[in-house]
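Structural overview for review
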2 protein chains.
Amino acid sequence: MADIPTAAISRLVTYLRILEQLEAQDISRTSSTDLAERAGVTAFQVRKDLAYFGRFGTRGMGYTVAILKRELVRVLGLNQTWNVVIIGTGRLGQAIANYPGASDYQFQYVALFDVNPAVIGQQIRGLTVQHMNDLRSFVEVNRVDMGFLAVPPDHAQDAAQSLVDAGVRGILNFAPVVIQPRTLERAGQHELSDEWRNVIVENVDFLAGMKRLAFYILNPHLKDAPNSEDQE
Amino acid sequence: MADIPTAAISRLVTYLRILEQLEAQDISRTSSTDLAERAGVTAFQVRKDLAYFGRFGTRGMGYTVAILKRELVRVLGLNQTWNVVIIGTGRLGQAIANYPGASDYQFQYVALFDVNPAVIGQQIRGLTVQHMNDLRSFVEVNRVDMGFLAVPPDHAQDAAQSLVDAGVRGILNFAPVVIQPRTLERAGQHELSDEWRNVIVENVDFLAGMKRLAFYILNPHLKDAPNSEDQE
């Protein structure tokens, strides 16, 4: 699995969402052509993306929705529990905490943190908002797999460092900032400082979506070849 | 510009964000190596992505931050005004309306719509929440370039159709649903119905980010080759 493009992982997530919608409509069979049409890619792309992870269908017979869904859930690691803390409980943090479907697939919010004295101690979705100073001691005694960053842009880098210092290895960053891992210079080379090794940062960026949309409204013909990088 | 991968557009947005951060730190020069390190891609990738749109640096001399930033702003269409309506004014819609930086680059919220009688007529960021039934007449007399979908999942498809029926050509979908364009069967072929031609849908999906993060926490070695599809 050494050279799976990141775009393929994003597409797997899309295929899974489509399979859920098919299941909700009581549709039990699908095909690479059908998935491709719904996802806006080619059938070749669908087959190639799935082939990274195994053989899920019978040649010429398509896929059983329930089986393919179960397999994608397993590939993506969604059949296990993920404990999540949310950093920042303003409108954005609250929208995340209340986002429909966030509690599907065993993502569990286990704690909320903020620095604003006015909100520390308040209850949101049954969780008490704690002070950021208590993050480290919380992580010491509770399993935390992911931290969701929902803080203002100028606090995002520091909050990310606090998560990583506390030992959290996965960050979903909602702030419009590119998080910079801490690097050290060793023998003239930049390398990641120890605590950032194996840290994964994924971004959910409202503004990036707005900018991509602006580009494609101006250049709609470029949207005709979805994911063309994989179709040579 | 016929075969620019969609992933390249996403990376341009990242480079622009990095240039903004460099400018905020009063750093006036950068290089493909520097941009690559900050974006987590290779320097070759940076040069290749930029080369789709022109020559922005001097060979061996790197880039002037202000100039490269101005050029990316132009390429992405962010030097013009974009009028935006938000559909759905729950926690998510409000988080979007108040997201820091959303009013940079001339994205302007011009109206908010909802179907909940309890919120119609309320003020959010100086805008009065209007009923969805009034969307069409609003779009007839006001320029609307984009609609942001922040409605519950089961209403997303209908709300998207309402936007497209009203003539809005760009949709940024925040709901965890894959929006399906309406298709017609003509001479045995599926094709887009007229109103969906030239409609662009981009997704900002919280849950997709969570799922990608789960995958990469389980498979961190796959994260070592960022955007490997473009590096053959």
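Residues numbered from 1 in each chain as written. Chains lettered and ligands numbered in written order. Predicted model: local features only at pLDDT ≥ 70, side-chain atom pairs only at ≥ 80, totals over all residues. Heavy atoms only, no water.

Per an unreviewed UniProt entry, chain A carries the name Redox-sensing transcriptional repressor Rex and comes from Deinococcus deserti. The record in UniProt for chain A states the following under Function (unreviewed entry): "Modulates transcription in response to changes in cellular NADH/NAD(+) redox state." (UniProt positions renumbered as here; feature names shortened; annotations may be inferred.)

Residues and elements named next belong to chain A. Taking every second residue as pointing to the same face, both faces of strand β8 (residues 170-173) are buried, with G170 and L172 on one and I171 and N173 on the other. Examined bridge by bridge, strand β7 (residues 146-149) and β8 share three bridges and lie parallel to one another. Bridged to L149 within β8 is N173. Regarding the hand of the β-α-β motif, the stretch spanning β7, helix α7 (residues 153-166) and β8 is right-handed. (Buried < 20%, exposed > 50% of the residue type's maximum accessible area, 1.4 Å probe, protein only. Helix = DSSP H or I, 4+ residues; strand = E, 2+ residues; numbered from the N terminus. Pairing = 2+ DSSP bridges. Right-handed = clockwise from strand over helix to strand, strands pointing away.)

As a further point, take helix α3 (residues 43-51) of chain B. Residues and elements named next belong to chain B. Of the residues making up α3, those classed as buried are A43, Q45, V46, D49 and L50. End-on view of α3: buried residues confined to an arc of 160°, all on one side of the axis. The inward-facing, buried residues of α3 abut α1 (6-24), α2 (32-39), β2 (63-64) and α4 (65-75). (Arc of directions from axis to C-beta. Contact = heavy atoms within 4.5 Å.)

With that out of the way, let us pick up the pairing of strand β11 (residues 200-203) of chain B. Residue and element names in this part refer to chain B. Because side chains alternate across β11, one face comprises the buried residues I200 and E202, and the other comprises V201 and N203, none of which is buried. Two strands pair when backbone bridges link them, and strand β8 (residues 170-173) and β11 are joined in this way by four bridges, in the parallel orientation. Within the sheet, the bridge partner assigned to G170 lies in β11 and is I200.

When we look at a pair of aromatic rings, we describe it by the centre distance and by the angle of the planes. Summed over the entire model, instances satisfying the criterion amount to 12 aromatic pairs over all chains. A centroid spacing of 6.1 Å and a plane angle of 80° characterise the contact between Y109 of chain B and F148 of chain B, whose relative ring orientation is edge-to-face. In this pair, Y109 of chain B sits in strand β4 (residues 107-114) while F148 of chain B sits in strand β7 (residues 146-149), placing the two residues 39 residues apart along the sequence. According to the relative accessible area criterion, Y109 of chain B is buried, its value standing at 16%. In this structure F148 of chain B comes out as buried when scored by relative accessible area, which is 0%. Members of the aromatic cluster, joined through ring pairs, are Y52 and F53 of chain A together with F215 and Y216 of chain B. (Phe/Tyr/Trp six-rings, centres within 6.5 Å; stacked < 30°, edge-to-face > 60°.)

With that settled, the discussion passes to the relation of the copies chain B and chain A. After a rotation of 180° and a shift along the axis of 0.0 Å, chain B superposes on chain A with an RMSD of 0.0 Å. Here the copies are linked by what is in effect a two-fold axis. In this assembly the copies share their binding face: 100% of the residues contributing to the interface of chain B also contribute to that of chain A. (Least-squares fit on C-alpha atoms with pLDDT ≥ 70 in both.)

What follows is about the sheet that holds β7 of chain A. With mixed pairing, the seven strands of this open sheet are ordered in space as β5-β6-β4-β3-β7-β8-β11 (chain A). Both outer strands of the open sheet, β5 (123-124) and β11 (200-203) of chain A, are each paired with one neighbouring strand and no more. The strands touched by α7 of chain A are β3 (82-87), β7 and β8 of chain A; relative to β7 of chain A, the strand with the most contacts, the crossing angle is about 170°. This element, helix α8 (residues 206-218) of chain B, spans β3, β4 (107-114), β7, β8 and β11 of chain A of the sheet and lies at about 160° to β11 of chain A. (Axes fitted to C-alpha atoms, helices over the stretch in contact; angles between N-to-C directions.)

Of the residues lining the interface, 81 residues belong to chain B; the matching set on chain A comes to 81 residues. In total, chain B and chain A occlude about 7500 Å² of area from one another, counting both sides; carbon and sulfur atoms represent 67% of this. At the junction of chain B and chain A, the tally comes to two salt bridges. Residue R212 of chain A pairs with E202 of chain B through a salt bridge whose shortest N-O separation is 2.6 Å. Looking at the side of chain B that touches chain A, the elements that each hand over two or more residues are α1, α2, α5 (91-97), β4, β7, β8, β11 and α8 of chain B. Looking at which element gives the most residues to the side of chain B that touches chain A, the answer is α8 of chain B, with 13 residues. For the side of chain B that touches chain A, the class distribution of residues is 48 nonpolar, 18 polar and 15 charged. (Buried area = accessible area lost by both parts, 1.4 Å probe. Salt bridge = Lys/Arg side-chain N within 4 Å of Asp/Glu carboxyl O. Nonpolar A, V, L, I, M, F, W, Y, C, P; charged D, E, K, R; others polar.)

All names here are of chain B. One can describe the packing of α1 onto α4 by two numbers: an axis separation of 10 Å at closest approach and a directional angle of 145°. In this structure, α1 meets α4 at a crossing whose hand is left-handed. Residues L12, Y15, L16, L19, E20, L22 and E23 of α1 lie in contact with α4, whose contacting residues are V65, A66, L68, K69, L72, V73 and V75. Of the residues that constitute the contact of α1 with α4, the class distribution is 11 nonpolar, no polar and three charged. (Left-handed = near helix turned anticlockwise from the far one by under 90°.)

Residues and elements named next belong to chain A. Tracing the backbone through its elements, the reader meets L22 in helix α1 (residues 6-24). Residue classification places L22 among the buried positions, given a relative accessible area of 1%. It is 7.4 Å that separates the C-alpha atoms of L22 and V65, two residues lying 43 residues apart in sequence. The residues contacting L22, other than those within four sequence positions of it, are I27, T30, D34, R38 and V65.

Before going further, it helps to examine the sheet that holds β8 of chain B. Pairing is mixed across the open sheet formed by seven strands, whose spatial order is β5-β6-β4-β3-β7-β8-β11 (chain B). The strands lining the two open edges of the sheet, one partner per strand, are β5 (123-124) and β11 of chain B. Note that strand β3 (residues 82-87) of chain B and β4 of chain B share six bridges and pair parallel. Counted as the bridge partner of I86 of chain B is L112 of chain B from β4 of chain B. Against the sheet, helix α8 (residues 206-218) of chain A engages β3, β4, β7, β8 and β11 of chain B, with an angle of about 160° to β11 of chain B. Across the sheet, helix α7 (residues 153-166) of chain B touches β3, β7 and β8 of chain B, and the angle it forms with β7 of chain B is around 170°.

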